[in-house]
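Residue-level listing of the chains:
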Amino acid sequence: MQITQEFDFFVIGGGSGGLAAAKQAAIYGARVGLADFVKPSPQGTKWGLGGTCVNVGCIPKKLMHFAALAGELRKDQVEAGWIHTNLQGKHDWIKMTENVQNHIKKLNFQYKNQLNKKEVKYYNKLAELEKSNIVKLIDKEGGIEYVKSKFILIAVGGRPTYPENIPEIEKKVITSDDLFWLPNSPGKTLIVGASYVALECGGFLNGLGYDTSIMVRSILLRGFDQQIASKIEDYMLESGVKFIKEAIPINIELNENNKKLVTWTQKGVQHSEIFDTVLVATGRKSDTNKLNLEKIGIKINKNGKIICTIDDRTSIPNIYAIGDCVEGRPELTPTAIKCGQLLANRLFGGQKKMMCYQFVPTTIYTPLEYGCIGYSEEEAINKFTQNEIIIYHSIFKPLEWNLLDSHYAQACMIKLIIMKQTRRIIGLHYLGPNAGEIVQGYAIAIKLGATKEQFDATIGIHPTCSEEILTLSAIKGIDNPQKEGC
Ligand code: FAD
Ligand code: NDP
């Protein structure tokens with residue numbers, strides 16, 4: 001075996017975590033290499049450098065969410081007095097995806113440039129571990145080379161999973177790996193799944209004007225505040241999304257027009273309907289099966305996720321892993337990025353700081369956005385008992401909505417969960433416009449250990465939705481959450 005190059009740090013996977021770690025290590029003068037290779041989806045979709053977030057995740061998702069909200073604004077424009085708004089105008093899928101894809105391609109190019117500038121050697125090749133310090137690189141023609149590295153980082157992310165009970169399902173459905181790159185509009189769509197991906201995609205497809213049904217096996221947004229999850233469902237129902245609850249697909253047949261005849265069971269009864277597209281959003285699995293982990297001796301769990309110590313070390317001391325492919329880590333871009341940077345700081349910058357996963361904020365870009373930090377009501381009651389916590393709540397209407405006929409008045413909600421003794425805030429939940437933008441700032445305060453009194457003492461900015469978080473007085477179980485006046 002001939003070694004073509006030697007590195008201090010070799011990164012497998014050029015997504016959020018891998019790119020961040022590689023660029024940070026290069027700042028310290030380490031000799032860094034990075035391999036990124038996209039295995040096409042079963043439908044044949046492929047994309048460029050940058051990983052899930054950039055190509056088939058956060059970025060196209062948020063742009064399509066914006067496109068849907070922009071459509072909704074047309075109704076608002078009428079209420080706000082604009083005369084020439086064409087409410088009948090249909091959405092142009094091809095125009096939107098062209099613009100979204102152009103932006104993604106620019107980002108792909110920028111990532112390559114950044115690696116180049118930082119002198120990180122980029123390989124568009126599939127990597128496999130040959131030995132604990134040797135990586136085998138395979139190009140798309142099957143050409144092989146071997147590189148050696150003192151430290152290796154695995155940051156291969158994850159890929160969508162498919163329900164196992166339907167024969168050849170991969171050929172009949174799409175996943176989020178395909179949706180953002182569909183050359184033609186999806187048309188009447190069934191989405192299977194009821195978490196982040198399903199609800200976000202269902203929300204924007206409905207907003208763009210496509211007939212959208214979401215098939216829910218059990219509950220919406222497992223692990224999230226269930227009162228808020230049910231308000232998200234109400235808002236989406238009101239906007240036209242159809243929910244097929246307590247149902248599982250049992251068969252999908254392709255007919256001659258490439259339409260999908262889906263059969264499902266719901267509470268013991270069988271139903272069938274024809275859809276143009278079926279989008280499966282039933283979770284993701286780590287993309288580790290081709291890496292040769294077991295041969296090298298790297299421990300994985302039954303879902304293929306890599307088991308790591310708190311300092312991101314695998315069971316082989318010089319091999320590290322970060323991001324979506326690691327057991328027990330949040331599957332979010334900012335955590336993968338921060339984790340990669342901190343790892344590079346420790347390996348090459350003489351620093352000691354570890355990643356902290358406490359109070360990681362997140363937002364779900366449903367038509368009405370939901371941002372949260374810390375414990376949900378259910379988790380808090382489970383962990384502490386009802387007597388140890390106080391929950392403040394408020395149902396409010398954004399001021400702007402008073403100008404508009406078209407919004408659901410009871411839709412927005414805030415919940416603040418605090419410890420009774422210390423008054424420390426341990427959970428914040430905000431359902432309303434611009435949740436990501438609003439919750440981000442509060443995340444700093446909560447991470448720093450803010451108390452309810454410190455929130456009360458903070459002066460709000462009027463009139464905003466954000467100030468509602470600072471003026472909560474209604475206690476759940478005692479007071480009505482309904483907000484009156486300003
Ligand atoms: P990835 O970004 O997945 O990168 C892994 C890279 O490794 C990929 O390019 C892959 O092709 C490559 N690779 C795999 N195997 C090999 C190999 N053997 N050799 C070479 N290369 C290989 N997070 C948020 O924070 N906000 C959001 O709004 C958000 N929206 C999302 C929407 C969707 C639809 C999805 C699916 C995810 C979303 N996420 C979001 C999650 C976020 O995208 C991921 O948490 C993040 O991308 C994980 O980064 P990573 O570095 O672990 O892996
Ligand atoms: P999740 O694992 O969060 O949810 C999977 C969903 O699919 C659940 O509703 C589950 O139902 C359902 N499901 C699983 N198997 C089946 C089946 N066989 N038949 C029917 N339904 C099934 O996966 P997602 O793909 O939604 O998200 C993956 C991760 O990506 C998230 O955890 C998140 O971290 C990240 N992400 C982040 C986003 C953001 O930050 N805004 C956006 C999108 C993704 P049940 O509850 O019954 O198990």
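Calculation rules
- Residues numbered from 1 in each chain as written.
- Chains lettered and ligands numbered in written order.
- Predicted model: local features only at pLDDT ≥ 70, side-chain atom pairs only at ≥ 80, totals over all residues.
- Heavy atoms only, no water.
- UniProt positions renumbered as here; feature names shortened; annotations may be inferred.
- Near = heavy atom within 4 Å.
- Polar contact = N/O pair within 3.5 Å; in protein donor to acceptor, adjacent residues only side chain to side chain.
- Areas by Shrake-Rupley, 256 points an atom, 1.4 Å probe, with all protein chains shown as cover.
- Helix = DSSP H or I, 4+ residues; strand = E, 2+ residues; numbered from the N terminus.
- Nonpolar A, V, L, I, M, F, W, Y, C, P; charged D, E, K, R; others polar.
- Phe/Tyr/Trp six-rings, centres within 6.5 Å; stacked < 30°, edge-to-face > 60°.
- Buried < 20%, exposed > 50% of the residue type's maximum accessible area, 1.4 Å probe, protein only.
- Core = buried A, V, L, I, M, F, W, Y, C linked by side-chain atoms within 4.5 Å.
- Contact = heavy atoms within 4.5 Å.
- Lys, Arg positive; Asp, Glu negative; His and termini not counted.
- Salt bridge = Lys/Arg side-chain N within 4 Å of Asp/Glu carboxyl O.

You'll find the protein entered in an unreviewed UniProt entry as Thioredoxin reductase, with Paramecium sonneborni given as the organism. Under the heading Sequence similarities (unreviewed entry), UniProt records this for the protein: "Belongs to the class-I pyridine nucleotide-disulfide oxidoreductase family."

Draft legend 1. Local environment of the site of ligand 1. Near ligand 1 lie 36 residues; those nearest to it are Gly 17, Asp 36, Thr 52, Lys 61 and Asp 324. Within the contact set of ligand 1, an oxygen atom lies 3.3 Å away from a backbone nitrogen or oxygen of Ser 16. The backbone of Leu 332 places a nitrogen or oxygen atom 3.1 Å from an oxygen atom of ligand 1. Within the complex, the protein chains bury 94% of what would otherwise be the 1,000 Å² of accessible surface of ligand 1. Element by element, the count of residues in the shell around ligand 1 is highest for helix α2 (residues 51-56), at four residues. Grouping the amino acids of the shell around ligand 1 by side-chain chemistry returns 16 nonpolar, 12 polar and eight charged.

Draft legend 2. Seen up close, the packing of aromatic side chains. Counting across every chain of the model gives 14 aromatic pairs. Ring centres of Trp 93 and Tyr 210 lie 6.0 Å apart, and the angle between their planes is 75 degrees; this geometry places the pair in the edge-to-face category. Here Trp 93, found in helix α4 (residues 93-117), pairs with Tyr 210, found in the loop between α7 (196-207) and β9 (212-215); they are 117 residues apart in sequence, far enough to count as distant. A single burial state applies to Trp 93 and to Tyr 210, both of which are buried. Taking 6.4 Å as the distance between ring centres and 25 degrees as the angle between the ring planes, the aromatic pair formed by Tyr 235 and Trp 401 counts as stacked.

Draft legend 3. Spatial organisation of the nonpolar core. Ranked by size, the top nonpolar core spans 99 residues in total, and within it Phe 9 and Leu 179 carry the most contacts. Sort the elements by how many residues they give to this core and α4 lands first, with seven residues. Residues contacting Phe 9, with those up to four places away along its chain left out, are Ala 21, Ala 22, Ala 25, Arg 31, Val 32, Gly 33, Ser 149, Phe 151, Leu 153, Leu 343, Leu 347 and Phe 348. By size, the runner-up hydrophobic cluster in this structure holds 24 residues, among which are Ile 12, Tyr 123, Ile 154 and Cys 308.

Draft legend 4. Geometry of unusual backbone geometry. A cis amide bond links His 462 with the next residue in sequence, Pro 463, at an omega value of -5 degrees. Secondary-structure assignment places Pro 463 in the segment after α13 (452-457). Of note, Glu 246 is a non-glycine position whose phi angle comes to about 50 degrees, a positive value. Glu 246 sits in the partly exposed class, given a relative accessible area of 45%. With phi around 45 degrees, Lys 267 is a residue other than glycine that occupies positive phi space. Here Lys 267 lies in the loop between β12 (260-266) and β13 (269-275).

Draft legend 5. View of the UniProt feature "domain: FAD/NAD(P)-binding" (unreviewed entry) in the protein. Taking the UniProt record as the reference, the feature "domain: FAD/NAD(P)-binding" (unreviewed entry) is found at residues 8-339. A helix fraction of 33% and a strand fraction of 24% characterise residues 8-339, whose end C-alpha atoms lie 19 Å from each other.

Draft legend 6. The side chain of Lys 231, seen in detail. For Lys 231, the position within the fold is in helix α8 (residues 226-239). Among buried charged residues, Lys 231 stands out as having no salt bridge; its nearest opposite-charge side chain is Asp 234, 5.7 Å away. Here Lys 231 is in contact with Ile 395, Gln 410, Ala 411, Cys 412, Met 413 and Leu 431, once residues within four sequence places are set aside.

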